[in-house]
There are 2 protein chains.
Amino acid sequence: MSHPDLMADPDLRPFGPLLHVAWADGELKDEELARLREVALATPWLSTEARERLAVWLDPAAPPSASDLRTLLAGLRQAAGTLPELKRRDLVGLGAALAAEGASGEVGDALGALSDALGVDGRGALERLLPTRPPEPAAPAPRFDPDALAALFDAPYGAVRARARGFLADPAHRLDPGASTAAQRERVRALLLELADAGFGRLAYPGVTGEEGDDLGAFMAAFETLGQGELSLLVKFGVQFGLFGGSLFFLGTERHHALLPQVATGELLGCFAMSELGHGSNVMALETTATFDPETDELVIHTPSESARKEWIGNAALHGRLATVFAQLEVGGEAHGVHAVLVPIRDEAGAPMPGVRIGDCGEKLGLHGVDNGRLWFDRVRVPRANLLDRFARITEEGTYESPIASPTKRFFTMLGTLVAGRICVASGAASASQVGLAVAVRYAFARRQFGAEEGPELRLIDYPLHRRRLMPLLAQSVAARAAVARVRARYLEEHDAEDTRELEALAAGVKVFATDHATRALQAARESCGGQGYLAENRIGPLKSDTDVFTTFEGDNAVLLQLVGKALLLDFRKAFFDDRVFGVLRFLGAKASRAARGSAVRNRPDTRAELRDPETWRQLFADRRDELVEGVAMRIRKRLGEMPAEEAFLAVQTHLVAAARAHVEAEVLEAFLALVDAAGGAEREALERQCGLWTLWRLEEDAGWLLENGFLTGAGARALRDEVDALAAECADDAMGLLHALRIPDACLGAPIAFGDPAER
Amino acid sequence: MSHPDLMADPDLRPFGPLLHVAWADGELKDEELARLREVALATPWLSTEARERLAVWLDPAAPPSASDLRTLLAGLRQAAGTLPELKRRDLVGLGAALAAEGASGEVGDALGALSDALGVDGRGALERLLPTRPPEPAAPAPRFDPDALAALFDAPYGAVRARARGFLADPAHRLDPGASTAAQRERVRALLLELADAGFGRLAYPGVTGEEGDDLGAFMAAFETLGQGELSLLVKFGVQFGLFGGSLFFLGTERHHALLPQVATGELLGCFAMSELGHGSNVMALETTATFDPETDELVIHTPSESARKEWIGNAALHGRLATVFAQLEVGGEAHGVHAVLVPIRDEAGAPMPGVRIGDCGEKLGLHGVDNGRLWFDRVRVPRANLLDRFARITEEGTYESPIASPTKRFFTMLGTLVAGRICVASGAASASQVGLAVAVRYAFARRQFGAEEGPELRLIDYPLHRRRLMPLLAQSVAARAAVARVRARYLEEHDAEDTRELEALAAGVKVFATDHATRALQAARESCGGQGYLAENRIGPLKSDTDVFTTFEGDNAVLLQLVGKALLLDFRKAFFDDRVFGVLRFLGAKASRAARGSAVRNRPDTRAELRDPETWRQLFADRRDELVEGVAMRIRKRLGEMPAEEAFLAVQTHLVAAARAHVEAEVLEAFLALVDAAGGAEREALERQCGLWTLWRLEEDAGWLLENGFLTGAGARALRDEVDALAAECADDAMGLLHALRIPDACLGAPIAFGDPAER
Ligand SMILES: Cc1cc2nc3c(=O)[nH]c(=O)nc-3n(C[C@H](O)[C@H](O)[C@H](O)COP(=O)(O)OP(=O)(O)OC[C@H]3O[C@@H](n4cnc5c(N)ncnc54)[C@H](O)[C@@H]3O)c2cc1C
Ligand SMILES: Cc1cc2nc3c(=O)[nH]c(=O)nc-3n(C[C@H](O)[C@H](O)[C@H](O)COP(=O)(O)OP(=O)(O)OC[C@H]3O[C@@H](n4cnc5c(N)ncnc54)[C@H](O)[C@@H]3O)c2cc1C
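As the structure is a prediction and not an experimental result, all values here were calculated from the model.

1. With respect to the overall build of chain A
Then, in step 1: On a plain count of helices and strands, chain A comes out with 29 helices and 11 strands.
Then, in step 2: Scaling as 2.2 N^0.38, a compact globule of 761 residues should have a C-alpha radius of gyration of about 27 Å, and chain A matches this with 30 Å.
Then, in step 3: Considering only C-alpha atoms, chain A reaches an extent of 105 × 80 × 45 Å along its principal axes.
Then, in step 4: Looking at chain A residue by residue over its 761 residues, the buried ones come to 60%.
Then, in step 5: If you take every contact in chain A between residues at least 6 apart in sequence, the share linking residues at least 24 apart comes to 74%.
Then, in step 6: A total accessible area of about 28000 Å² is found for chain A, and carbon and sulfur atoms account for 52% of it.
Then, in step 7: Side-chain charges in chain A split into 84 positive and 110 negative, and the spacing between the mean points of these groups amounts to 5 Å.

Next up, the structure:
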């Protein structure tokens with residue numbers, strides 16, 4: 001009996017992929033076939049005739065001929081060719097996508113059952129069917145060992161990173177950008193629970209959940225690695241285990257820690273409810289109140305005005321049951337400033353608790369899988385024990401006690417919990433930027449457009465302009481990664497120390513650096529892929545939309561830079577305020593001597609050798625920072641006689657931020673050079689090239705200021721430009737090896753264009 | 001009988017808004033009430049008990065008490081407060097959004113019927129219920145007449161712009177960013193037909209559709225104005241009337257023009273199918289073939305390879321029936337280069353035509369309402385008459401004829417049709433950037449965060465940093481608008497001229513300028529609104545995602561800049577190639593004399609008066625351009641001895657692009673100054689402030705180059721920075737007046753944050 005052409009038959013088309021695999025593998029045992037028949041013919045939505053036609057393909061006695069299979073394969077490839085890549089990731093998905101419109105849901109279910117019955121590994125099989133990973137785009141053989149570099153990047157958390165990559169390697173852990181917001185939220189919740197099951201959550205609570213291997217550093221490294229995957233999942237993961245769980249862990253005491261096992265398993269999902277509609281950055285001015293009622297020994301949580309509603313709270317719109325609510329604590333009529341209180345917001349069934357009103361923030365630019373919501377509290381009562389009371393407590397007698405006398409200091413100690421979160425956001429931004437750039441760079445090695453009259457067109461990577469667009473940003477991704485590693489290491493050492501202000505400023509600076517970088521890098525990646533960059537299946541678009549808010553949440557970048565700037569001025573202010581006259585003199589003296597040193601000794605680099613010398617980089621970055629900080633200080637001083645301090649600060653705001661940026665870049669350079677130093681041989685050289693490209697490119701973008709202030713000559717500026725061009729070309733040769741060292745799982749690259757130009761297939 | 005609390009009753013909640021309006025208006029006649037009862041009680045999904053409770057509210061004998069109504073209103077406002085703004089736009093939508101999950105579809109239908117029965121104007125009524133437009137954010141009274149400025153901006157197309165704004169003013173013409181891609185595509189199609197009905201389409205075909213008032217300039221002005229609305233609609237509008245219709249109009253002859261009436265009404269939807277998977281920028285290398293078959297007097301359209309498939313084609317995935325296909329024409333075995341041929345791709349019923357395969361590009365970063373698709377042709381035959389034959393034809397005898405001898409020239413003449421499209425894209429980008437900045441600037445006048453210890457917090461606009469983020473970009477939006485107006489006017493005058501190369505280069509430059517601007521401005525707008533900027537209801541997010549591709553389509557910006565750069569070099573090349581020795585000498589002579597003039601006479605501005613003088617701006621911009629162009633020319637010359645011309649061009653690519661950018665900015669400045677000159681009195685002063693801010697900010701960003709090349713002194717660079725700060729403050733005082741002059745309809749601002757800080761309500 002001749003086999004009907006499955007692909008020509010709209011009813012049977014969805015079975016095409018599975019049946020091809022089943023027969024082409026040739027390993028079908030009779031009982032498997034029988035089982036397949038049973039399941040296939042049970043699908044309720046097939047007409048009797050369609051079932052009869054299908055039965056022909058399931059007859060053990062009459063296997064399809066080689067030519068039947070060829071026809072099927074050709075039809076399959078053609079049909080699949082009109083589908084977006086994402087629908088071609090597994091046999092079931094592909095089959096469902098081939099179904100008539102509207103039917104794909106039930107078809108998918110039926111095919112799922114079939115595929116289980118068949119026991120085929122959908123993905124591997126599909127790869128043979130529709131090869132999607134041609135060889136790497138051709139690139140020069142790396143001049144270093146990518147695996148050695150990878151080991152360096154991974155250290156000291158290789159094991160947990162490998163586990164996280166295992167999770168990411170499964171394409172089923174990618175989201176469908178076409179799915180509805182509701183579907184994405186549910187999917188992300190399910191994936192979060194998978195991560196919890198795999199033990200990633202409890203890493204964050206060393207010594208509490210009592211499991212071996214808990215390790216905050218490992219948690220942070222896992223977070224960074226997961227940043228190569230879906231960012232909705234990353235953010236929900238951060239809200240649940242980092243912010244919510246972290247608030248219990250860092251601000252709470254034993255009775256709160258008792259909840260952490262449930263938090264770690266995802267049994268208890270929660271919120272970190274700090275921001276309010278009226279106050280996102282200026283959280284010291286939050287309006288929500290927590291008033292102690294000694295009569296009932298309870299705290300009364302209340303939203304006194306519309307601007308006091310909790311806003312943008314992750315996990316609030318749908319899944320959170322408990323919230324860490326930041327509120328102005330009042331005990332015995334006395335205000336004690338912002339404290340954190342646990343407030344149940346939903347019951348087991350998911351209904352809002354009495355007195356709690358919950359809203360949905362609605363559609364966002366990205367992060368569709370995160371359920372951000374609003375919360376209002378109408379005099380909600382919780383036991384006194386719900387106060388997270390590590391840094392301040394209410395005694396049984398109803399009096400307020402805190403080991404930290406200054407309310408401001410107390411507040412900032414509590415905010416210290418955000419430091420880990422900021423480092424994590426920075427790491428996520430760095431990872432996401434790597435993925436987007438990886439897609440764009442790989443495409444640049446494959447895509448050809450324009451070129452010589454004869455012969456093949458040029459690859460995009462052959463264009464100096466294109467290298468300029470991508471290579472400095474790829475180097476900056478390495479810079480961000482190095483900066484994150486350095487501040488993470490410091491955090492793990494120092495976060496329990498007495499004075500963490502420097503650490504906090506550093507974390508803030510790295511957060512600004514990495515997230516601003518991600519915005520810029522992903523924009524460049526999008527544009528440098530042309531039309532392909534705009535298709536969601538090529539990943540850069542969703543990455544862009546998802547990361548866009550990283551510059552805003554966990555501390556708005558413009559606000560954080562001012563925090564960094566103010567920390568820089570501390571020394572100066574101390575000298576100035578403590579000891580008015582001598583301080584200024586001392587300060588001016590220091591400046592004068594630096595200026596003298598500057599004009600006499602200052603190296604104004606203008607040769608290749610000088611421009612490629614790390615000592616030059618260090619010197620320029622440090623001098624620039626110092627000069628800018630001094631400039632701000634002098635400007636403030638000049639104004640202090642004429643206006644109040646706040647006004648003086650306001651007047652120099654843009655200068656303060658410029659100084660902060662220069663400081664952050666100087667710190668990043670130190671981190672980058674530390675990474676270079678940690679490497680040996682050819683890897684060291686490769687990293688030094690990256691570091692040089694990044695540094696010179698930063699200097700080039702700031703050439704105006706450097707020239708104006710005598711750090712650079714005109715000839716030096718020209719030389720700088722040439723070196724950036726030259727290093728961009730050298731780094732292009734290293735690029736594929738470098739990307740290899742970042743070990744981004746194929747499933748995360750995902751984009752068809754990451755595996756060659758589809759036009760060449 | 002006491003009235004049940006509608007809002008406390010999940011079943012009846014959806015009826016709350018309508019019933020409040022009905023009773024509160026107090027004008028319900030008995031028969032209306034009876035009709036309402038009838039419709040309401042017929043809703044199939046209410047239980048008997050629920051209907052009984054509802055009936056209480058519909059009893060003419062027992063109207064609700066004032067207190068019943070107050071309770072209802074309070075509940076309504078509270079419930080509505082948890083919903084995103086978009087769901088609060090009309091009574092039916094609001095009611096549907098209040099329904100239990102999953103039910104909102106059928107509830108919406110039922111409420112629609114109810115609302116019709118009631119005959120209430122949903123929107124006006126809702127505004128009273130939930131006031132959404134508080135007074136404008138407080139700002140200084142403008143020092144100029146915004147209406148006079150508006151008239152200037154609108155001229156000479158005030159009437160058609162007003163009509164377009166009438167369309168935009170209807171909130172029902174906004175899309176729901178939460179709707180599915182499929183729903184958005186259908187909605188955009190419906191809106192497109194509304195625009196066609198309103199006569200906007202036929203404007204594009206003066207003298208052909210035969211209606212009075214057809215006017216290409218008016219079409220382009222309408223396009224610009226519609227750029228303040230939904231961009232999916234704008235792009236579909238551009239594809240249908242501009243690209244597709246424009247190809248018939250400009251490349252076709254009478255028999256093709258005969259189709260234009262149907263195109264103008266939207267009866268015949270079509271595609272402009274130029275780009276292929278393999279060639280988006282290098283369209284001269286398209287692979288699709290159109291082979292003349294003299295036997296049948298037909299053209300055979302064929303896709304010879306996968307890279308030849310038409311890709312990203314607007315209107316192709318769903319709605320287009322006819323496509324203008326660009327293909328390599330072969331007649332009698334001879335290749336004649338790319339030509340345009342009309343190919344039917346779908347029949348009346350919407351099924352693909354035989355031999356045509358159609359795919360869907362799938363999800364994109366934005367423009368969800370545009371159905372971009374892929375097309376493959378399998379030896380599809382169309383009559384010879386389908387060749388768009390204004391510039392080349394096949395005679396009845398089957399021979400090829402063209403009035404333009406050079407194939408390259410012929411090709412570029414055909415591409416000339418893209419010039420209007422590029423100007424339109426630029427105008428759309430300018431308009432979209434205005435809307436996004438308007439939202440951010442208005443919010444900056446309302447939002448308060450941080451500030452003095454006592455008294456209210458400062459408004460964002462009070463921060464120098466915030467003004468720096470927004471004011472130069474707002475000025476740049478005006479610059480883009482002025483540049484568009486100027487190139488449009490030139491286009492209308494010159495597009496039929498013999499040599500349009502200069503016009504083409506200018507259009508390309510303005511397209512690059514305006515679209516790069518939109519990307520940057522919308523990013524800044526998003527970030528400067530903090531968390532609010534990330535919510536879709538605040539519009540900036542969707543605008544960002546939609547405009548992101550403007551830098552890519554209708555000519556990729558990096559490619560267009562090279563076109564601009566090469567046009568700039570034409571003069572030099574002519575001199576050089578025509579007359580090798582003398583040319584160079586002449587050129588060097590010119591350079592030497594300019595250099596002499598430069599060092600002797602060159603004004604290196606460093607005072608406020610100089611920096612605020614338009615003559616200084618003009619001089620600096622022109623000198624910078626000339627110097628850069630000369631630099632590129634010299635670099636090429638140096639290399640020409642050593643390598644082929646293409647290689648030499650490749651080696652100087654980044655310099656070429658820098659020269660092109662400088663040229664484009666010089667042209668934009670001319671346009672801006674022309675706008676200033678067209679204004680009088682206080683408006684002129686206001687525009688001059690904007691122009692000054694824009695110019696000095698551009699110079700500041702390029703200070704490195706200016707210092708390096710002796711156009712600026714260190715003191716000048718410092719003065720520049722101070723002037724930018726000062727002008728940003730002055731322009732902030734003008735900002736609300738300026739926005740008023742842009743006449744953006746409220747419905748387009750749409751965003752709640754554009755009407756004050758929600759926290760202040
Ligand atoms: C998707 C998303 C998820 C979030 N998740 C959470 C969460 O789970 N829990 C939580 O508590 N919060 C969360 N947030 C809130 C987030 O932390 C805040 O949005 C953020 O802190 C910024 O506050 P804001 O939005 O009020 O902006 P504002 O503070 O109002 O700032 C608005 C703008 O003004 C600028 N600005 C402010 N002050 C100054 C100044 N002094 N000088 C110059 N410029 C200034 C800022 O740079 C910014 O551009 C989330 C937000 C989003 C968007
Ligand atoms: C949403 C959307 C709608 C569209 N609608 C239509 C339509 O209706 N009809 C139609 O015909 N087309 C349409 N297009 C296609 C669009 O015009 C092309 O995407 C565009 O022309 C760019 O071509 P490409 O994507 O092939 O990019 P490429 O040409 O491959 O360019 C890729 C990258 O390489 C860079 N590059 C290329 N050449 C050079 C060089 N010489 N030097 C340096 N860098 C270079 C570019 O800057 C770009 O960043 C649409 C595209 C999109 C995304």
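Once the structure has been displayed, the description carries forward.
2. Quick look at the domain arrangement of chain A
All names here are of chain A.
Then, in step 1: The assigned domain composition of chain A is domain 1 (6–129), domain 2 (264–414) and domain 3 (420–749).
Then, in step 2: Domain 2 and domain 3 are separated by 37 Å when their C-alpha centres are compared.
Then, in step 3: Tallying the contact residues gives seven residues for domain 2 and 10 residues for domain 3.
Then, in step 4: Roughly 560 Å² is buried in total at the junction of domain 2 and domain 3, and carbon and sulfur atoms are behind 53% of that figure.
Then, in step 5: In terms of surface lost to domain 3, no three residues of domain 2 exceed S281, L365 and L367, which account for 66% of the buried area on that side.
Then, in step 6: Where domain 2 packs against domain 3, one counts two salt bridges.

3. A short note on the interface of chain A and chain B
Then, in step 1: At the junction of the two partners, chain A supplies 86 residues and chain B supplies 87 residues.
Then, in step 2: For the chain A face of the interface with chain B, the top three residues by lost area are A:L465, A:Y534 and A:E708, together amounting to 11%.
Then, in step 3: Along the contact surface separating chain A from chain B lie 10 salt bridges.
Then, in step 4: A salt bridge links A:R718 to B:E708; its shortest N-O distance comes to 3.2 Å.
Then, in step 5: The interface formed by chain A and chain B includes 43 residue pairs in polar contact (both at pLDDT 80 or more).
Then, in step 6: Taken together, the residues of the side of chain A that touches chain B break down into 29 nonpolar, 29 polar and 28 charged.

4. Some points on the pairing of strand β1 (residues 270–273) of chain A
All names here are of chain A.
Then, in step 1: Both faces of β1 are covered, namely the face carrying G270 and F272 and the face carrying C271 and A273.
Then, in step 2: The pairing of β1 with strand β5 (residues 322–331) spans four bridges and is parallel. Bridging across to β5, F272 finds its partner in T324.

5. With respect to the site of ligand 2
Then, in step 1: Around ligand 2, the surrounding shell holds 30 residues, and the nearest of these are A:R447, A:G531, B:S275, B:S281 and B:D556.
Then, in step 2: In the model, an oxygen atom of ligand 2 is placed 2.5 Å from a nitrogen or oxygen of the B:S281 side chain.
Then, in step 3: Here B:Q653 contributes a side-chain N or O atom positioned 2.8 Å from a nitrogen atom of ligand 2.
Then, in step 4: Of all elements in the fold, only α17 (464–494) and α18 (501–528) of chain A together with β4 (310–313) and α20 (557–578) of chain B reach the threshold of two or more residues within the shell around ligand 2.
Then, in step 5: Within the shell around ligand 2, the residues separate by chemical class into 12 nonpolar, 13 polar and five charged.

6. Topic: the side chain of A:T547
All names here are of chain A.
Then, in step 1: Tracing the sequence through the fold places T547 in helix α19 (residues 540–547).
Then, in step 2: Residue T547 is classed as buried on the basis of its relative accessible area of 2%.
Then, in step 3: Separated by 2.8 Å, the side chain of T547 and the backbone oxygen of L543 make a polar contact.
Then, in step 4: When near neighbours in sequence (up to four residues on either side) are disregarded, T547 contacts L231, A432 and L522.

7. Here we look at the pattern of salt bridges
Then, in step 1: Per the counting criterion, the structure on display carries 102 salt bridges over all chains.
Then, in step 2: Among the salt bridges present, the one from A:R689 reaches A:D734, with a minimum N-O distance of 2.7 Å. Taken together, the residues span a long stretch of sequence, with A:R689 in helix α26 (residues 681–701) and A:D734 in helix α28 (residues 714–742) at a distance of 45 residues.
Then, in step 3: Linking B:D154 and B:R743 is a salt bridge whose minimum nitrogen-to-oxygen distance equals 3.0 Å. Placement of B:D154 in helix α8 (residues 146–154) and of B:R743 in the loop between α28 (714–741) and α29 (746–749) is noted, with a sequence separation of 589 residues between them.
Then, in step 4: In this structure B:D154 comes out as buried when scored by relative accessible area, which is 4%.
Then, in step 5: With a relative accessible area of 31%, B:R743 lands in the partly exposed category.
Then, in step 6: Each of the salt bridges in this network shares a partner with another, and the network as a whole consists of A:D154, A:R161, A:R165, A:E224, A:R488 and A:R743.

8. Digging into the sheet that holds β4(B)
Backbone hydrogen bonds are what pair the strands of a sheet, in a parallel or an antiparallel way.
Residues and elements named next belong to chain B.
Then, in step 1: Here we have three strands laid out as an open sheet, ordered β4-β8-β7, and antiparallel in their pairing. In the strand order of this sheet, the two ends are held by β4 and β7 (356–360), each with one partner. Across the sheet, the axes of successive neighbouring strands diverge by a mean angle of 25 degrees, strand direction being ignored.
Then, in step 2: Sheet analysis places β4 next to strand β8 (residues 373–377), joined by two bridges and oriented antiparallel. Across the sheet, the residue bridging to K310 is L375, located in β8.

9. Thoughts on the sheet that holds strand β8 (residues 373–377) of chain A
Residues and elements named next belong to chain A.
Then, in step 1: If you walk across this open sheet you meet the three strands as β4-β8-β7, and the pairing is antiparallel. Each edge of the sheet is formed by a strand with only one pairing partner; in this case those strands are β4 (310–313) and β7 (356–360). Each adjacent strand pair in this sheet contributes to an overall mean axis angle of 25 degrees, direction not counted.
Then, in step 2: As defined by bridge partners, β7 adjoins β8 across five bridges and the pair is classed as antiparallel. Within β8, the residue paired with I358 across the bridge is L375.

10. What to know about the relation of the copies chain A and chain B
Then, in step 1: With an RMSD of 0.4 Å, the operation that places chain A on chain B is a rotation of 180 degrees combined with a shift of 0.1 Å along the axis. Here the transformation between the copies is reduced to the relation of a two-fold axis. If distances are taken from each C-alpha of chain A to the rotation axis, the shortest is found for A:G704, at 1.7 Å.
Then, in step 2: A shared interface surface links the copies, since 100% of the contact residues of chain A are contact residues in chain B too.

Parameters at a glance
- Residues numbered from 1 in each chain as written.
- Chains lettered and ligands numbered in written order.
- Predicted model: local features only at pLDDT ≥ 70, side-chain atom pairs only at ≥ 80, totals over all residues.
- Heavy atoms only, no water.
- Helix = DSSP H or I, 4+ residues; strand = E, 2+ residues; numbered from the N terminus.
- Rg over C-alpha atoms; globule rule 2.2 N^0.38 Å.
- Buried < 20%, exposed > 50% of the residue type's maximum accessible area, 1.4 Å probe, protein only.
- Contact = heavy atoms within 4.5 Å.
- Areas by Shrake-Rupley, 256 points an atom, 1.4 Å probe, with all protein chains shown as cover.
- Lys, Arg positive; Asp, Glu negative; His and termini not counted.
- Charge placed at Lys NZ, Arg CZ, Asp CG, Glu CD.
- Domains from an automatic or database assignment.
- Buried area = accessible area lost by both parts, 1.4 Å probe.
- Salt bridge = Lys/Arg side-chain N within 4 Å of Asp/Glu carboxyl O.
- Polar contact = N/O pair within 3.5 Å; in protein donor to acceptor, adjacent residues only side chain to side chain.
- Nonpolar A, V, L, I, M, F, W, Y, C, P; charged D, E, K, R; others polar.
- Pairing = 2+ DSSP bridges.
- Near = heavy atom within 4 Å.
- Axes fitted to C-alpha atoms, helices over the stretch in contact; angles between N-to-C directions.
- Least-squares fit on C-alpha atoms with pLDDT ≥ 70 in both.

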